[in-house]
Amino acid sequence: HYFDEHEIRILELLADQAAIALNNAQLYQQIQAYAEDLEQRVIERTHQLQQAKEHAEGILNASNDALFLMDKHGTIYQTNPGFNQQFGYQPDKLTSFDTFIIPLYLDEFQKTLQTVIETKTSQRIEIVAKRRDQSQFPADALLSPIINGVVEIVCSLRDITLQKQVEAELREALEREKELNDLK
C-alpha cells in the first residue's frame, strides 16, 4: 500500500508533533535536573549558614564580656549572657543603648556609632554605664562593624573599675613622690 499525499502530510505532522513532544520531555528532564541541583545547593548553603550562625552564637555566648548586637539606628536586637548577667537584664529585653549608658555619655556614644557606620572601622570609647539596679561603673566600649549586606554593629563593654582605681592610685603615688621630692 502506497501512501497518498494527504496521508504523507498527516504522517509528517505526527512526526513533527512526536519530535516536539520528545524535545519537551528532554527539556523537562533538564529543568528537573537543574531544579534538583539548585535544591541541593540551597540545602548545602542553608547548612553552612546554620553552622556559621551556631559558631558565632557560641562565641557570643561564651564571652565573659558584655556583648550586644545593634543595627545602624542603635536598636539592640541581641545580647549575650555576659551582658545580661553584668547589667541585670533579661535576655534580649533591651532595645536601646540609652537604657544602660548615663545621659552624659549618650551623645559621644551616638557620634562614635555614626563614625563606625561611616568609616566601617572599629572605634573605642570610654563611657559610664549603669546596670538595671541603677549602679554605675566606668566601661570601655568597643564598637565594631559587621558588614554583610546591611551594616550591623557588635559592641563589647568591659567594666574598667579596677583599671580606673589602679590609675588613681598611681596618680596619688606620683603626687606623693612629687611632694616628697619638693620637701627634700
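Along every chain, residues carry numbers that run from 1 in the direction the sequence is written. Side-chain atom pairs in this predicted model are given and counted only at pLDDT of 80 or more, local residue features only at pLDDT of at least 70, and totals for whole chains, interfaces and linings cover all residues. Just so you know, side-chain values use all the structure's heavy atoms and leave hydrogens and water out.

Would you take a moment to explain the overall build of the protein for this structure?
Only DSSP runs of H or I reaching four residues or more are called helices, and only runs of E reaching two or more are called strands; each is numbered from the N terminus. Per the secondary structure count, the protein includes four helices and five strands. Relative to a compact globule of 184 residues, whose C-alpha radius of gyration would be 16 Å, the protein shows 33 Å and is clearly more extended. Each principal axis of the C-alpha distribution contributes one length, and for the protein these read about 135 × 35 × 25 Å. The burial tally for the protein puts 26% of its 184 residues in the buried class. Working rule for contacts: check all heavy atoms of both residues, and any pair within 4.5 Å makes them a contact. Restricting the contact set of the protein to residue pairs at least 6 apart, pairs at least 24 apart contribute 38%. Counting only carbon and sulfur atoms, one obtains 54% of the accessible surface of the protein, whose full area is about 13300 Å². Under this rule, positive means Lys or Arg and negative means Asp or Glu; His and the chain ends count for nothing. Think of each charge as sitting on NZ of Lys, CZ of Arg, CG of Asp or CD of Glu. For the protein, the centre of its 18 positive side-chain charges and the centre of its 30 negative side-chain charges are spaced 12 Å apart. Our radius of gyration looks at C-alpha atoms and nothing else; its globule reference is 2.2 Å times the residue count to the power 0.38. When a residue's accessible area, from a 1.4 Å probe over protein chains only, is under 20% of the maximum for its type it is buried; when over 50% it is exposed; and in between it is partly exposed. Each accessible area value is a Shrake-Rupley result obtained with a 1.4 Å probe; residue values ignore everything except the protein chains displayed when judging cover.

I would appreciate a short explanation of the pairing of strand 1 (residues 66–71) in the present structure.
Within a regular strand, side chains alternate between the sheet's two faces. Among the six residues in strand 1, five count as buried, and that is most of the element. The sheet contact formed by strand 1 and strand 2 (residues 76–79) spans three bridges and is antiparallel. In the strand pairing of strand 2, F68 is matched with T79. Taking the residues that link successive antiparallel strands as the turn, the strand 1-strand 2 hairpin has four residues, and the phi of G74 there is positive, at about 90 degrees. The criterion for strand pairing is that DSSP finds at least two bridges linking the strands in question.

Can you help me understand the sheet that holds strand 5 (residues 151–159) in this one?
Each strand in a sheet pairs with its neighbour through backbone hydrogen bonds, running either in the same direction (parallel) or in the opposite one (antiparallel). If you trace the five strands from one edge of the open sheet to the other, you get 2-1-5-4-3, paired in antiparallel fashion. With partners counted over all chains shown, the strands left at the sheet margins are strand 2 and strand 3 (123–130), one partner each. Shown here is a sheet whose adjacent strand axes are inclined to one another by a mean of 30 degrees, direction ignored. Where strand 4 (residues 136–147) meets strand 5, nine bridges bridge the pair, whose relative direction is antiparallel. For I146, the partnering residue across the bridge sits in strand 5 and is E152. Axes here mean lines fitted to C-alpha atoms, for a helix over just the part in contact, with angles spanning 0 to 180 degrees between N-to-C directions. Seen against the sheet, helix 3 (residues 106–119) touches strand 1, strand 3, strand 4 and strand 5 and runs at an angle of roughly 150 degrees to strand 3.

Is there a simple way to explain the packing of aromatic side chains in this structure?
Two descriptors summarise a pair of aromatic rings, namely the distance from one centre to the other and the angle between the planes of the rings. Between the rings of Phe, Tyr and Trp (Trp by its six-membered ring), a pair exists once the centres lie within 6.5 Å; its type follows the angle of the planes, with under 30 degrees stacked, over 60 edge-to-face, and the other angles tilted. One pass over the structure, following the stated rule, counts seven aromatic pairs. Centroid distance F68 to F83: 5.7 Å. Interplanar angle 70 degrees. Geometry classified as edge-to-face. You can see F68 sitting in strand 1 and its partner F83 sitting in helix 2 (residues 81–87), a full 15 residues away along the chain. Residue classification places F68 among the buried positions, given a relative accessible area of 0%. The exposure class assigned to F83 is buried, which follows from its relative accessible area of 0%. An angle of 75 degrees between the planes, with centres 5.1 Å apart, marks the rings of F83 and F100 as edge-to-face. Here the residue F83 occupies a position in helix 2, and F100 occupies one in the loop between helix 2 and helix 3, the gap between them amounting to 17 residues. Judged on exposure class, the residue F83 and its partner F100 are both buried.

Would you explain helix 1 (residues 5–62) in this entry?
The periodicity of an α-helix, 3.6 residues per turn, causes residues three or four positions apart to be oriented the same way. Expected span of a helix, by definition, is 1.5 Å for each gap between consecutive residues, and there is one gap fewer than residues. An ideal rise of 1.5 Å per residue puts 86 Å on 58 residues; helix 1 measures up with 84 Å between its terminal C-alpha atoms. Polar contacts here mean pairs of N or O atoms no more than 3.5 Å apart (in protein, one a potential hydrogen donor and the other a potential acceptor; neighbouring residues in sequence count only if both atoms are side-chain atoms). The distance from a side-chain oxygen at the start of helix 1 to the backbone nitrogen of H6 is 3.2 Å, and the residue carrying that oxygen is D4.

How should the pattern of salt bridges be read in this particular structure?
Where charged atoms from two side chains of opposite charge approach closely, those side chains can pair. One side-chain nitrogen of Lys or Arg within 4 Å of one carboxyl oxygen of Asp or Glu is enough to make a salt bridge. One pass over the structure, following the stated rule, counts seven salt bridges. Between R158 and D65 there is a salt bridge, with the nearest N and O atoms lying 2.5 Å from each other. Pair noted here: R158 is in strand 5 and D65 is in the loop between helix 1 and strand 1, with a separation of 93 residues, a long-range link. A salt bridge links K164 to E167; its shortest N-O distance comes to 3.7 Å.

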